[in-house]
Amino acid sequence: MYATGRIDMAYAIRSSACIPGPQLGRCKLTLRCRRVMDTPVAKAVAQEQTPQQAGTKEAENQLEALKAISLVVADTGEIDSIRNYRPVDCTTNPSLVLKAVQNPQYHHYLETAMAEEDDQRDSANSDRPWAGVTDHLAVGIGTQLLGIVPGRVSTECDAHLSYDTQGTIDKALKIVDLYGKRNIDVSKRVYIKIASTWEGIRACEYLQKQGISCNMTLLFSFAQAAACADAGASLISPFVGRIMDWYKKKEGHGFAPHEDPGVKSVQRIYKYYKQYKYDTIVMAASFRNIGEIRELAGCDNITISPSLLGELEASKDPLPRKLWPTMGGCDEPQLDMHESEKSLFDKIHGEDQMAVDKLKEGIEGFAKDQRKLEEIIGELEKQGVKP
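Predicted model only: the values in this text are computed from it and were never measured.

Novice: Help me understand the packing of helix 6 (residues 131–146) against helix 16 (residues 353–382), please; the structure alone is not making it clear to me.
Specialist: When two helices pack together, their arrangement is captured by the angle between the axes and the distance separating the axes. Two elements in contact, helix 6 and helix 16, have axes separated by 9 Å at closest approach and are oriented at 100 degrees. Classified by the interaxial angle, the pair formed by helix 6 and helix 16 is roughly perpendicular. Of the residues in helix 16, those in contact with Ala131, Val133, Thr134 and Leu137 of helix 6 are Gln370, Leu373, Glu374 and Ile377. Grouping the amino acids of the contact of helix 6 with helix 16 by side-chain chemistry returns five nonpolar, two polar and one charged.

Set out below in structure tokens:
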């Protein structure tokens, strides 16, 4: 029997971003939990499955129910959308920035970035003369977002550096410096987003030790997750939908949500992290349908596109909690994925063809969008837009 009354305040606080540790995501828009009064209207229920927290939490719909047990984030990168969703945190990446600046109303960000980079441009980089401008552009947009959100912005390193540890570190430090020049408190308001290659993970380890928090993206394999945790990453973003896409193409059929390979991957990582008490936040990302989301209800963070948020909001069905920190269920030994264990990482990650393919595809996709962004900047210069 479902309980009546308002949402338990411990969960209301959790949904309003009071979870210890860093919180970030693709556009990490924290949706605050509202007080739900006893009313005769139909309601969804976040049904607790833990012995320690028996009972249910009542909500108006599945979105509100999910917010009671997970940190719900919205997956969007446009400034107007962020204003509408009133996020706590948000993010940028080359694809999101590219999409934004294709709108004429964002061209002034490009022009400002061109002016800022003009005196520092690396003339030796004849292949990519506008690469540095995109750093200023990402930080400029990030700074604008920080004027809207109370939390943090996650800014991505150049995907071309995904296999270059020192290059990634240098780029991250440049991004941090650019934010600092805008009087942004980097330690409290900025996360550096890095692809989860071995080289990227080593850069993450260095940056974390310098007090710079990292969001490890493009994560598809268990080896990546284990190595990111050992490196002290603030947060990982396993891509549920992209994992499922690979298996759907390979096997020629879809999957029920409880059988979804992407869902199972996140469940495995979540249980492993909780079993061995890693602080790294698991943020499930890249969903194709709300069935996947329902199967991960209770995951630390869940980032969801606006369309799927709408579907959850429209549903009044009960929402059973599927994940919780003390659930157990991890029967595998703890792996050592520290810096000296590259051969083990290469072996385990290399045996997962899906992860190998999707990591490569993701990096190439971000790099391609980065190039498109640089081409837009070059075209502006040709049209007479001078810094």
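Moving on from the coordinates now.
Novice: Where do I start with the pattern of salt bridges in this structure?
Specialist: Side-chain pairs of opposite charge can arise whenever the charged atoms involved come near each other. Per the stated rule, a full pass over the model turns up 18 salt bridges. Shared partners join several salt bridges into a network, and the residues in it are Arg128, Asp158 and Glu374.

Novice: Just checking my understanding: could you explain helix 7 (residues 165–181) for this structure?
Specialist: The α-helix advances 3.6 residues per turn, and as a result positions three or four apart in sequence lie on the same side. The end-to-end C-alpha distance of helix 7 is 24 Å, a good match for the 24 Å that 17 residues give at a rise of 1.5 Å each. Buried within helix 7 are the following residues: Gly167, Thr168, Ile169, Lys171, Ala172, Ile175, Val176, Leu178 and Tyr179. Where helix 7 starts, the residue carrying a side-chain oxygen 3.3 Å from the main-chain nitrogen of glutamine 166 turns out to be aspartate 164. At the exit of helix 7 stands asparagine 183, carrying a positive phi of roughly 60 degrees.

Novice: How should I be thinking about the packing of helix 11 (residues 240–251) against helix 16 in this particular structure?
Specialist: Direction vectors running N to C along helix 11 and helix 16 enclose 120 degrees, while the axes themselves pass 10 Å from each other. Taken together, the axes of helix 11 and helix 16 are oblique relative to one another. The element helix 11 and its partner helix 16 pack so that their crossing is right-handed. In this structure, helix 11 uses Arg242, Ile243, Trp246 and Tyr247 to contact helix 16, whose residues at the interface are Gln353, Met354, Asp357, Lys358 and Gly362.

Novice: Looking at this structure, I do not really get the packing of aromatic side chains. What am I missing?
Specialist: Describing an aromatic ring pair means giving the distance of the ring centres and the angle of the ring planes. Under the defined criterion, the tally for this structure stands at eight aromatic pairs. Summarising the aromatic geometry, the rings of tyrosine 273 and tyrosine 278 are spaced 5.5 Å apart at their centres and angled 55 degrees between planes, so their arrangement reads as tilted. Residue classification places tyrosine 273 among the buried positions, given a relative accessible area of 1%. A residue is classified by how much of its surface remains accessible, and tyrosine 278, at 13% relative accessible area, is buried. One aromatic cluster is present, built from ring pairs that chain together Phe222, Tyr272, Tyr273, Tyr276 and Tyr278. The lysine or arginine in question, arginine 202, covers the ring of tryptophan 198, its NZ or CZ lying 4.4 Å from the ring centre. The cationic tip of arginine 268 hangs over the ring face of phenylalanine 222; the distance from NZ or CZ to the ring centre is 3.8 Å.

Novice: How should helix 11 be read in this particular structure?
Specialist: Look at helix 11: 17 Å from first C-alpha to last across twelve residues, which is about the 16 Å you get at 1.5 Å a residue. Phi turns positive, to about 75 degrees, at glycine 252, one or two residues after helix 11.

Novice: Where do I start with the environment of methionine 244 in this structure?
Specialist: Counting through the fold element by element, methionine 244 comes out in helix 11. Assessed through its relative accessible area of 7%, methionine 244 is described here as buried. Once the C-alpha coordinates of methionine 244 and phenylalanine 255 are considered, the two residues, eleven residues apart in sequence, prove to be 8.0 Å apart. Residue contacts for methionine 244: discarding those within four places in its chain leaves Phe255, Asp260, Pro261, Gly262, Arg288 and Glu292.

Novice: Mind showing me how you'd approach the side chain of serine 315 here?
Specialist: For serine 315, the position within the fold is in the loop between helix 14 (306–314) and strand 11 (319–320). At 3.3 Å, the side chain of serine 315 forms a polar contact with the backbone nitrogen of aspartate 317.

Novice: Sorry if this is basic, but what is going on with the pairing of strand 8 (residues 235–238) here?
Specialist: Looking along a regular strand, one sees side chains alternate from face to face of the sheet. Where burial is concerned, the two faces of strand 8 agree: the one with Leu235 and Ser237 and the one with Ile236 and Pro238 are both buried. Summarising the sheet, strand 7 (residues 214–219) and strand 8 pair through three bridges and their orientation is parallel. In the sheet register, asparagine 215 faces strand 8, and the bridge partner there is leucine 235. Handedness of the strand 7-helix 10 (residues 222–230)-strand 8 crossover: right-handed. One ladder, built from two bridges, connects strand 8 with strand 9 (residues 281–284); its direction is parallel. Within strand 9, the position partnered with leucine 235 by the bridge is isoleucine 281.

Novice: It is not clear to me how the nonpolar core should be interpreted in this structure. Could you clarify?
Specialist: Grouped burial of nonpolar side chains is what soluble globular proteins tend to show. If you look at the biggest cluster of nonpolar residues, it comprises 88 residues, and the most contacted ones within it are Leu66 and Tyr273. Broken down by element, the residue count for this core peaks at seven residues, all from helix 10. Non-local contacts of tyrosine 273, meaning those with residues more than four positions away in its chain, are made with Ala225, Cys228, Ala229, Ile236, Tyr278, Thr280 and Val282. Residues Ala159, Trp246, Ala285 and Ala355 belong to the second largest nonpolar core, which totals 14 residues.

Novice: Can you help me understand the pairing of strand 6 (residues 190–195) in this one?
Specialist: Taking burial as the measure, the six residues of strand 6 include six buried ones, the bulk of the element. Both faces of strand 6 are covered, namely the face carrying Val190, Ile192 and Ile194 and the face carrying Tyr191, Lys193 and Ala195. As paired elements, strand 5 (residues 153–156) and strand 6 share four bridges and run parallel to each other. Across the sheet, threonine 155 pairs through a bridge with isoleucine 192, a residue of strand 6.

Novice: Explain the confidence of the model for the protein here, please?
Specialist: In regions of low pLDDT, the predicted coordinates are not meant to be interpreted in detail. Counting all residues, the mean pLDDT for the protein is 82, and 80% of those residues have values of 70 or more. Scored below 50 in pLDDT, residues 1–42 shows 138 contacts in the model against residues more than four places distant or in partner chains. Here residues 51–56 scores under 50 on pLDDT; set against residues more than four positions off or in separate chains, the count is twelve contacts.

Novice: Mind showing me how you'd approach the state of the cysteines here?
Specialist: Disulfide: a covalent bond connecting the sulfur atoms of a pair of cysteines. Counting across every chain of the model gives zero disulfides. Free of any disulfide, cysteine 228 has its nearest cysteine sulfur in cysteine 204, 6.2 Å distant.

Calculation notes
- Residues numbered from 1 in each chain as written.
- Predicted model: local features only at pLDDT ≥ 70, side-chain atom pairs only at ≥ 80, totals over all residues.
- Heavy atoms only, no water.
- Axes fitted to C-alpha atoms, helices over the stretch in contact; angles between N-to-C directions.
- Helix = DSSP H or I, 4+ residues; strand = E, 2+ residues; numbered from the N terminus.
- Parallel < 35°, antiparallel > 145°, perpendicular 65-115°, else oblique.
- Contact = heavy atoms within 4.5 Å.
- Nonpolar A, V, L, I, M, F, W, Y, C, P; charged D, E, K, R; others polar.
- Salt bridge = Lys/Arg side-chain N within 4 Å of Asp/Glu carboxyl O.
- Expected span 1.5 Å × (residues − 1).
- Buried < 20%, exposed > 50% of the residue type's maximum accessible area, 1.4 Å probe, protein only.
- Polar contact = N/O pair within 3.5 Å; in protein donor to acceptor, adjacent residues only side chain to side chain.
- Left-handed = near helix turned anticlockwise from the far one by under 90°.
- Phe/Tyr/Trp six-rings, centres within 6.5 Å; stacked < 30°, edge-to-face > 60°.
- Lys NZ or Arg CZ within 6 Å of the ring centre and 35° of its normal.
- Pairing = 2+ DSSP bridges.
- Right-handed = clockwise from strand over helix to strand, strands pointing away.
- Core = buried A, V, L, I, M, F, W, Y, C linked by side-chain atoms within 4.5 Å.
- pLDDT = per-residue confidence, 0-100.
- Disulfide = S-S within 2.5 Å.

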